[in-house]
Amino acid sequence: MKLEKVIAVRTSKTVYKDGDRAIKVFDEDYKKSDILNEALNQARVEETGLPIPKLLEVGVVDGKWAIVSEFIKGKTLGRLMEENPDKLDEYLNLFVDIQLQIHNQKAPLLNKLKDKMNRKISETDLDATTRYELHTRLEGMPKHNKVCHGDFRPSNVIVGEDGTNYIIDWSHATQGNASADAARTYLCFCLKGETETAEKYLDLFCEKSDTAKQYVQKWLPIVAASQSVKRKPEEKELLTRWLDVVDYE
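These figures come from a predicted structure and were not determined experimentally. (Residues numbered from 1 in each chain as written. Predicted model: local features only at pLDDT ≥ 70, side-chain atom pairs only at ≥ 80, totals over all residues. Heavy atoms only, no water.)

Draft legend 1. Up close: unusual backbone geometry. With phi around 70 degrees, Ser12 is a residue other than glycine that occupies positive phi space. Tracing the backbone shows Ser12 in the loop between β1 (5-10) and β2 (13-18). Unlike most non-glycine residues, Arg231 shows phi in positive territory, near 55 degrees. Note on placement: Arg231 falls in the loop between α9 (220-228) and α10 (236-242). Taking relative accessible area as the criterion, Arg231 reaches 43% and is therefore assigned partly exposed. (Helix = DSSP H or I, 4+ residues; strand = E, 2+ residues; numbered from the N terminus. Buried < 20%, exposed > 50% of the residue type's maximum accessible area, 1.4 Å probe, protein only.)

What follows is the structure, given as structure tokens:
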């Protein structure tokens, strides 16, 4: 494998292009179990028939673990939104339609979203009272088993040159409640400072899925708690505000 052409750099990982393959190389301190879980998630989602790059192999390159997938020619939806701001509404419509396509799938062997969220809440620096409130709220939410991407944002959709919209980066995939996945996407927009787009997205998601906005909002403190585990100083103010569970009662 040739690691020459870099196509993406993310926290603790770099993606390279080698011919018709994309090679995601992880830093040496990245947990092996998380890498293998990501590859397993991708394989399980691939079996649903969703348009995603095919997993080709998992191996070690220059002493670092790597996941090798098909390389998809095209531009991300995030790039298209930046290049064509006048088409934002059109792209947002497509974005939500793709997310609903994901939520229509089942993958019974994926980890459960509720289990992941409970674990994340326990890992936060929040006081015991807030953790108890969040665990209680999570337990009271309806149990669903829809495929949830877990980090669905425009940069994780590639509009392929072949006309297919491919969904990438399945490291956070679970099965669970679609509204939790929507709350996570809403949070992603807000953390980027794209508040107006976040509101447009949420309105569209609720309209197209026939979901009450208040129902998605009840997930906001839970997804904020999950995000706070990353302990990014620049996110602390927004997440702390969302973690006031009383705001969403």
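Moving on from the coordinates now.
Draft legend 2. Representation of the nonpolar core in the model. Core analysis: the biggest nonpolar cluster contains 54 residues, and Trp170 and Tyr201 have the highest contact counts within it. Residues in contact with Trp170, not counting those within four places in the same chain, are Glu38, Asn41, Gln42, Val45, Leu50, Ile52, Ile102, Val147 and His149. In this structure, Tyr16, Val25, Ala66 and Val68 belong to the second largest nonpolar core, which totals 6 residues. (Core = buried A, V, L, I, M, F, W, Y, C linked by side-chain atoms within 4.5 Å. Contact = heavy atoms within 4.5 Å.)

Draft legend 3. Quick look at the sheet that holds strand β6 (residues 74-76). One open sheet accounts for 3 strands, arranged β6-β8-β9; its pairing is antiparallel. Only two strands of the sheet have a single neighbouring strand rather than two, namely β6 and β9 (165-167). Between one strand axis and the next, the sheet turns by 30 degrees as a mean value, whatever way the strands run. When β6 meets strand β8 (residues 157-160), the two strands line up antiparallel, connected through 3 bridges. By the bridge assignment for β8, Gly74 is matched with Gly160. Here helix α3 (residues 88-103) sits on the sheet and contacts β8 and β9; the angle it forms with β9, its principal contact strand, is near 55 degrees. (Pairing = 2+ DSSP bridges. Axes fitted to C-alpha atoms, helices over the stretch in contact; angles between N-to-C directions.)

Draft legend 4. Structural context of the sheet that holds strand β3 (residues 21-26). Within the open sheet, the 5 strands sit side by side as β1-β2-β3-β5-β4. Their pairing is antiparallel. The strands lining the two open edges of the sheet, one partner per strand, are β1 and β4 (55-61). In this sheet, neighbouring strand axes are inclined to one another by 25 degrees on average, regardless of whether the strands run parallel or antiparallel. Pairing of β1 with β2 involves 5 bridges; the strand directions are antiparallel. Counterpart to Val6 in the pairing with β2 is Tyr16.

Draft legend 5. Just the environment of Ile98, in detail. Relative to the helices and strands, Ile98 resides in helix α3. Separated by 59 residues in the primary sequence, Ile98 and Val157 place their C-alpha atoms 8.7 Å from one another. Beyond its immediate chain neighbours, meaning those up to four positions away, Ile98 contacts Phe152, Val157, Asn165 and Ile167.

Draft legend 6. Geometry of helix α5 (residues 128-140). In a regular helix each residue adds 1.5 Å, so 13 residues correspond to 18 Å; α5 covers 18 Å between its end C-alpha atoms and thus fits that length. Residues of α5 that are buried include every one of Thr130, Leu134, Arg137 and Leu138, and no others. Down the axis of α5, the smallest arc covering the buried residues is 100 degrees, so these residues share one side. Structural note: α5 exposes Ala128, Thr129, Tyr132 and Gly140 on the side pointing more than 90 degrees away from its buried face. Contacts from the buried residues of α5 go to α4 (113-123) and α9. With a side-chain oxygen positioned 3.1 Å from the backbone nitrogen of Thr129, the residue opening α5 is Asp127. (Expected span 1.5 Å × (residues − 1). Arc of directions from axis to C-beta. Polar contact = N/O pair within 3.5 Å; in protein donor to acceptor, adjacent residues only side chain to side chain.)

Draft legend 7. Layout of the packing of aromatic side chains. Across all of its chains, the model carries 7 aromatic pairs by this definition. Centroid distance Phe189 to Tyr201: 5.8 Å. Interplanar angle 45 degrees. Geometry classified as tilted. With Phe189 in helix α6 (residues 178-191) and Tyr201 in helix α7 (residues 195-209), this pair connects stretches of sequence that are 12 residues apart. When sorted by exposure, Phe189 lands in the same class as Tyr201, which is buried. Three or more aromatic residues joined by ring pairs make a cluster, and in this case those are Phe95, Phe152, Phe189, Tyr201 and Phe205. (Phe/Tyr/Trp six-rings, centres within 6.5 Å; stacked < 30°, edge-to-face > 60°.)

Geometric values such as these leave the question of function open.
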